[in-house]
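Chain by chain, the residues:
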Amino acid sequence: MAMAMAMAMVTATAMVKEVLESMGCAARISPRSISGELDQAGRGKDRLTSCRRVQLSPSWLGCALMCIAAHAHAESWRIMPSIGVNETLTNNLFLTSTNRTSDLVTGITPGISIAGQGGRASLRLNYGLTQNLYARESSQNNLQNALNAVGTLEAIEDWFFIDATGTISQQLISAFGQTSPSDANINNNQTETAYYSISPYIRGRFLSSTEYLLRYTASTTRADSSQVSDTTTTQWLGRINGNTRWGPLSWSLDASSNSVQYDIGRDRDDTRYQLTLSYRLTPQFQFSLIAGRETNNLVSLEDETYSDSGYGFVWTPSPRTKLDARMTRRFFGNGYQIGFSHRMPRSLFSYTATRDVSYQPAGVGNTGQGSNYDAYYAIIAASNPGLAPDAIRAQVNQVLQGRGVPADGTVVNGSLNNRPTLQKLQQLSYALLGARNTLTFNATESQQQPLGVVSGLTDDFSLANEVTQRGFGIIWGHQLTGHSSLSLSLNEQRSLAKGTNAVDTKTQGAYLLFSTQLSPKTQANIGARHVVSDGGVNADYTESALTGALSHSF
């Protein structure tokens, strides 16, 4: 009971600001998110209406997480408060090409990390509240939230489950504006964005060989900037699958219904039905045929119905190698999902490619641990088959912290849009784990086109009918001693617009970081960076900075 009360207090701390702000839109706009231009009065009214409509979402998430905490019991809880102080000495606080402003920025971040695992519930929550203080530009002092929470409750044993997630992060408004090297910089192209979802579902089995799943998901995305639409999404997913009397042949029937409400622009609906027949030709190769129907209003004002057909296969030539591909003919042309991975004794290579409808950038709503974390988890887990998950996680965290490598190596997070898009996305990654050295490489290319024409919208697609973003990042980490490490990061991100208003923005950065562990619960680091950006909308700048940080966990 004490742990449930503690969880309730922590969740309330993380959510109270969002609940209060959702009751009054004016309080939600921070100095950092004001672009300097007042929005239309009508739009402001619409946003106020939206605030009232979604204001209970954080409360629902808090209730769901408290229920999870109450059922997780106390035997496997880990609650770790922390405090961190970051110092940034920058020669270009506002990331401008002229009239640069130097400043010393102090960031104070109290936070808490909670991990709970019970027989029928699990919870992982990380929350931090950063107060940025500017020595010269004190009028820019601001607060920033950071939340990553995911929980699962088995409400009725082996039948009824509830998932709840929440994130708060800094997101780009435009792909062609400034890209901040640090959240300490003042960037009007960046806004705090909150995402919450709750998803009850049932799953089970009948007729001995048939499984079923029915899931409902309600989610909301809210941004501080009035230039970006808030969205509310509801989704139904249903699936029935089973085997046949012919052993290699299996089948599945899938149905989905999505409804997305935009504060800016019109709402979108999409309903799909699919029948899949799969046949396992060999233990290593399975082939599938897909047929279905889709009804939506994504490219027209009225619902239209389309055929949906295709094929797929899964090839696993060895436990270390897997190729999974699925291609379908849809209303926008060819859609696909391709995934390839190959694991070597101390390294992992992976590639994914998709062409599908996208409603928001990948960084919004992502509750994962990070791409580098996932890669090293796979390497360590494969090298230690009998190791428990908790022990694997501990080793992964030791590698990342001991080599000064960030958990996430994503270099292209995308930008917020006021409409759905057709996105072609390719991601390639490589991770190498040595005795004292680590190397990670991540590359991404994203091509987006707007779906449908909406008058009155102002976003990146007002400038171009196609937006391409590509980038790469290389991180080398070296363990100097048992408690100290040195890491070097190089990255580049480029955004291109195709159309009458062609735009080409490129940002390159180099980061050097020395990290050390002063005690089992105290860490410190000092670093230097140099960033060059050119092109785009007010995106030309050069910035150099020295950084230092001290953090302690209790």
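What counts, and at which threshold
- Position labels on residues start from 1 in each chain and follow its written sequence.
- Side-chain atom pairs in this predicted model are given and counted only at pLDDT of 80 or more, local residue features only at pLDDT of at least 70, and totals for whole chains, interfaces and linings cover all residues.
- Based on all heavy atoms of the structure, the side-chain values leave hydrogens and waters out of the count.
- The numbering of helices and of strands both runs from the N terminus, where a helix is a DSSP run of H or I of at least 4 residues and a strand a run of E of at least 2.
- In this scheme, a residue with accessible area under 20% of its type's maximum is buried, one over 50% is exposed, and one in between is partly exposed, where area comes from a 1.4 Å probe on protein chains only.
- Working rule for contacts: check all heavy atoms of both residues, and any pair within 4.5 Å makes them a contact.
- Every accessible area reported is derived by Shrake-Rupley at a probe size of 1.4 Å, with residue values counting cover from the shown protein chains alone.
- Here an angle of 0 to 180 degrees is reported between the N-to-C directions of two axes, which are lines fitted to C-alpha atoms, with helices fitted over the stretch in contact.
- Throughout, the term roughly parallel applies to angles under 35 degrees, roughly antiparallel to angles over 145, roughly perpendicular to angles from 65 to 115, and oblique to all others.
- Throughout, a crossing is termed right-handed when the near helix is turned clockwise from the far one, and left-handed when it is turned anticlockwise from it by less than a right angle.
- Charged residues are taken to be Asp, Glu, Lys and Arg, nonpolar residues to be Ala, Val, Leu, Ile, Met, Phe, Trp, Tyr, Cys and Pro, and polar residues to be all remaining types, Gly included.
- A helix is expected to span 1.5 Å for every residue after the first.
- Of all possible arcs, the one meant is that of the directions from the helix axis to the C-beta atoms.
- At least two DSSP bridges between two strands are required for those strands to pair.
- Residues enter a nonpolar core if they are buried and are Ala, Val, Leu, Ile, Met, Phe, Trp, Tyr or Cys, with the set joined through side-chain atoms within 4.5 Å.
- Confidence per residue, as judged by the predictor, is encoded in pLDDT with a range of 0 to 100.
- Patch rule: a residue counts if its relative accessible area is over 30% and it has no salt bridge; like charges are joined within 9 Å, and nonpolar side chains (Val, Leu, Ile, Met, Phe, Trp, Tyr) within 5 Å.
- Salt bridge, as applied in this entry: a Lys or Arg side-chain nitrogen positioned within 4 Å of an Asp or Glu carboxyl oxygen.
- Neither His nor the chain ends contribute to the count of charged residues, in which Lys and Arg are positive and Asp and Glu negative.
- Charge positions are represented by NZ for Lys, CZ for Arg, CG for Asp and CD for Glu.
- Polar contacts here mean pairs of N or O atoms no more than 3.5 Å apart (in protein, one a potential hydrogen donor and the other a potential acceptor; neighbouring residues in sequence count only if both atoms are side-chain atoms).

Participant: Describe the overall build of the protein, and please don't skip the residues or the numbers.
Facilitator: From N to C terminus, the protein includes five helices and 22 strands. The burial tally for the protein puts 45% of its 554 residues in the buried class. Residue pairs in contact within the protein that sit at least 24 positions apart in sequence constitute 60% of those at least 6 positions apart. Accessible area for the protein stands at about 26,200 Å²; split by element, carbon and sulfur atoms hold 58% of it.

Participant: So what's going on with the packing of helix α4 (residues 371-383) against helix α5 (residues 389-403)? Which residues, and what values?
Facilitator: Following both chains from N to C, one finds α4 and α5 inclined at 125°, their axes separated by 9 Å at the closest point. With respect to α5, the element α4 is oriented oblique. Like other packed secondary-structure pairs, α4 and α5 cross with a definite hand, here right-handed. Only Pro389, Ile392, Arg393, Gln395, Val396, Asn397, Val399 and Leu400 of α5 make contact with α4, whose side of the interface consists of Asn372, Tyr373, Tyr376, Tyr377, Ile380 and Ala381. Residue composition of the contact of α4 with α5, grouped by class: 10 nonpolar, three polar and one charged.

Participant: So what's going on with α5? Which residues, and what values?
Facilitator: Taking 1.5 Å of rise per residue, the 15 residues of α5 would be expected to cover 21 Å, and the 21 Å separating its terminal C-alpha atoms lies within 8% of that figure. Of the residues making up α5, those classed as buried are Ile392, Val396, Val399, Leu400 and Arg403. Within α5, the buried residues cover an arc of 90° as seen down the axis, which keeps them to one side. Facing away from the buried side of α5, by more than 90 degrees, are the exposed residues Asp390 and Gln398. Turning to α5, the residues buried within the fold contact α4, β16 (421-433), β17 (437-450), β18 (466-479) and β19 (484-498). A positive phi of about 70° marks Gly404, the residue just after α5.

Participant: Can you break down the pairing of strand β14 (residues 333-344) residue by residue, with the values?
Facilitator: Sheet topology places strand β13 (residues 321-330) next to β14; 10 bridges connect them, and they run antiparallel. In the strand pairing of β14, Ala325 is matched with Ile338. Between β13 and β14, which pair antiparallel in sequence order, lie two residues. Between β14 and strand β15 (residues 347-358), which pair antiparallel one after the other, the connecting turn spans two residues.

Participant: Talk me through the nonpolar core; I want residue IDs and the actual numbers.
Facilitator: In this structure, Tyr376, Ile379, Ile380, Val396, Leu400, Ala431 and Leu433 are the most contacted members of the largest nonpolar core, which totals 14 residues. Elements with a contribution of two residues or more to this core: α4, α5 and β16. With five residues, α4 is the largest single contributor of residues to this core. Listed in part, the 11 residues of the second largest apolar core include Ile112, Ile114, Tyr127 and Ala194.

Participant: Describe the confidence of the model for the protein, with residues and values.
Facilitator: For the protein, mean pLDDT is 86; residues scoring 70 or higher make up 85% of the total. Ignoring residues within four places in sequence, the model shows residues 1-57, a span with pLDDT below 50, making 96 contacts including any to other chains.

Participant: Hey, could you go over a negative patch on the surface for me, with residue numbers and the actual values?
Facilitator: Together, Asp267, Asp269, Glu302, Asp303 and Glu304 line one region of the surface with negative charge. Inspection of the secondary structure puts Glu304 in strand β12 (residues 304-318).

Participant: How would you summarise the side chain of Thr421 if you had to cite specific residues and measurements?
Facilitator: Looking at the secondary structure, you find Thr421 in strand β16. Thr421 sits in the buried class, given a relative accessible area of 0%. Within the local environment of Thr421, its side chain forms a polar contact with the side chain of Gln448, the two groups lying 2.9 Å apart. Sequence-distant contacts of Thr421, that is, excluding residues within four places in its chain, are made with Asp356, Val357, Ser358, Gln448, Gln449, Pro450, Leu451 and Phe461.

Participant: Describe unusual backbone geometry, and please don't skip the residues or the numbers.
Facilitator: Of note, the phi angle at Asn99 is positive, near 50°, even though the residue is not glycine. Inspection of the secondary structure assignment puts Asn99 in the loop between β1 (77-90) and β2 (103-117). Positive phi outside glycine occurs at Ser208, with the angle close to 65°. Summarising the element assignment, Ser208 is placed in the loop between β6 (190-206) and β7 (210-223).

Participant: Quick rundown of the pattern of salt bridges? Include the residues and the values.
Facilitator: In the structure shown here, the tally under the stated rule is 11 salt bridges. Between Glu211 and Arg205 there is a salt bridge, with the nearest N and O atoms lying 2.8 Å from each other. What makes Glu211 partly exposed here is its relative accessible area of 34%. If you follow the salt bridges from partner to partner, you end up with Arg272, Glu294, Asp308, Arg330 and Asp356 in one network.

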